[in-house]
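A closer look at the structure
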Amino acid sequence: MPVSDNARVKKHIYIYSPSGAVRDKAAFKRGIRYLQSLGHEVEVDPDALACHLRFAGDDDTRLAAIHRAAASGADVALTTRGGYGLTRILGGIRYKVLAKAIERGTRFVGLSDFTALQLALLCKTGSTTWAGPALCESFGVAVDAQATPPTGPDDIMEDCFNDMLLGQGEGSGWSQNREDGLRDVRINNATLWGGNLTMVASLVGTDYFPDIKGGILFLEDVAEHPYRIERMLTQLLHAGILARQKAIVLGQFTEYKLTPHDKGFKLQSVVQWLRTQTKTPILTNLPYGHVQTKVLLPVGTKTDLVSEGRDALLFWGHNPFH
């Protein structure tokens, strides 16, 4: 259940940029003001707006920002945006330092390119991070109460973020796409992991890819045509990764454009084909990805998954079906 306004508490949020340079300065400022309006103490990394080529500073600058976030003592270390840049600095991250920060209570939150850091940290230390919003794309949305519908930070995303801050988020429920091939599942105590499909696929075969067996793998992506999505899923299939999971949960795949050459080939075609290639159940339409309405997911946490027909529920707190 969403938290009520009177349940909100002041938290220390550290804003840093480990990936792409912040181009939308207005969204950056709006996001900070919005978090402050909720009563949070917002600390901005000194290099949050740095720029080197397409990156938020050179490699050393972004590594230093990550380690400052870990040393900040903040309740949340929130990325400004995704983009690209983390895979090239994975070798320089002090993972034990980040793991100790998490043990002390800092929650690292982000999406997109941030998946690389999440999976590397899970691989090296087993630490839990959160797949969720970034500052600019979620909290920096312009507020317009007169628009139809009104615009601004999404209520569901904000409620899930608040639940994480209060330590009371226990799971998420959603409706799958209406399609053939749905299977009822009941999975207990499986590691929840994944994130951006491009980043997951890019780490296969590296020292930063977690060896998860019997897990729940969730995936999303943006601006990737379905054939590219299928190609990356096929890589995970042929690498044996999909077969080792108890379930694959597909989130939101957005901002791509079909062409006449596709002749009816679409995202649903990919899902239908993939179901013929693996015995692992494939669920769809998880409200997570490069969309405004998104849930927060604890990457690396033991999780339960239940589905019946189109209804699906993930639990990482108390499971009422136990």
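In this text, all values refer to a predicted model and were calculated from it rather than measured experimentally. (Residues numbered from 1 in each chain as written. Predicted model: local features only at pLDDT ≥ 70, side-chain atom pairs only at ≥ 80, totals over all residues. Heavy atoms only, no water.)

What follows is about the pattern of salt bridges. Note that side chains of opposite charge can pair when their charged atoms are close. By the definition in use, this model includes seven salt bridges. Across the pair E137 and K294 runs a salt bridge, and its minimum N-O distance is 3.3 Å. Taken together, the positions of E137 in helix α5 (residues 135-139) and K294 in the loop between β10 (282-283) and β11 (297-299) put the pair 157 residues apart, joining distant regions of the chain. According to the relative accessible area criterion, K294 is buried, its value standing at 0%. The network of salt bridges with common partners includes D45, D47 and R68. (Salt bridge = Lys/Arg side-chain N within 4 Å of Asp/Glu carboxyl O. Helix = DSSP H or I, 4+ residues; strand = E, 2+ residues; numbered from the N terminus. Buried < 20%, exposed > 50% of the residue type's maximum accessible area, 1.4 Å probe, protein only.)

Taken N-terminus to C-terminus, the directions of helix α2 (residues 59-71) and helix α3 (residues 95-103) make an angle of 30°; their axes are 8 Å apart at the nearest point. Classed by the angle they form, the pair α2 and α3 counts as roughly parallel. The way α2 lies across α3 gives a crossing that is left-handed. Residues I66, H67 and A70 of α2 lie in contact with α3, whose contacting residues are V97, L98 and A101. Classifying every residue of the contact of α2 with α3 by side-chain character gives five nonpolar, one polar and no charged. (Axes fitted to C-alpha atoms, helices over the stretch in contact; angles between N-to-C directions. Parallel < 35°, antiparallel > 145°, perpendicular 65-115°, else oblique. Left-handed = near helix turned anticlockwise from the far one by under 90°. Contact = heavy atoms within 4.5 Å. Nonpolar A, V, L, I, M, F, W, Y, C, P; charged D, E, K, R; others polar.)

The set of residues buried in α3 consists of Y95, L98, A99, A101 and I102. Across the axial projection of α3, the buried residues extend over an arc of 160°, all falling on one side. Exposed side chains of α3 directed beyond 90 degrees from the buried face belong to K96, K100 and E103. Looking at the buried positions of α3, the neighbouring elements they touch are α2, β4 (107-110), α4 (114-125) and β5 (129-131). Where α3 ends, the next residue or the one after it, G105, has phi of about 120°, a positive value. (Arc of directions from axis to C-beta.)

On to the state of the cysteines. Here, disulfide denotes a covalent bond that connects the sulfur atoms of two cysteines. Within this structure, the stated rule accounts for zero disulfides. C51 takes part in no disulfide bond, and the closest cysteine sulfur to it belongs to C136, at a distance of 13 Å. The exposure class of C136 is buried, given its relative accessible area of 12%. (Disulfide = S-S within 2.5 Å.)

Our next topic: the nonpolar core. In this structure, F108, L219, L297 and L305 are the most contacted members of the largest nonpolar core, which totals 92 residues. No other element matches α4, which puts seven residues into this core. Setting aside residues up to four positions removed in sequence, F108 forms contacts with Y16, A69, A70, A77, L98, A101, I102, F114, T129 and W130. (Core = buried A, V, L, I, M, F, W, Y, C linked by side-chain atoms within 4.5 Å.)

Our next topic: the sheet that holds strand β9 (residues 247-254). In space, the seven strands of this open sheet follow the order β6-β13-β12-β7-β8-β9-β10, with mixed pairing throughout. Two strands close off the open sheet at either side, each with one partner strand: β6 (171-175) and β10. Relative to strand β8 (residues 216-222), strand β7 (residues 185-196) is paired through five bridges, and the arrangement is parallel. Residue pairing across strands places G195 opposite L219, the latter belonging to β8. (Pairing = 2+ DSSP bridges.)

The next subject is helix α6 (residues 155-166). Taking 1.5 Å per residue as the helical rise, α6 with its 12 residues ought to reach 16 Å, and the 16 Å between its terminal C-alpha atoms agrees with that figure. Along α6, the positions that sit buried rather than exposed are M157, E158, D159, F161, N162, D163, M164 and L165. Turning to α6, the residues buried within the fold contact β1 (12-16), α1 (25-37), β3 (76-79), β4, β5 and α5. Measuring from the side-chain oxygen of the N-cap residue of α6 to the backbone nitrogen of I156 gives 3.0 Å; that N-cap residue is D154. Downstream of α6 by one or two residues, G167 has phi in the positive range, about 70°. (Expected span 1.5 Å × (residues − 1). Polar contact = N/O pair within 3.5 Å; in protein donor to acceptor, adjacent residues only side chain to side chain.)

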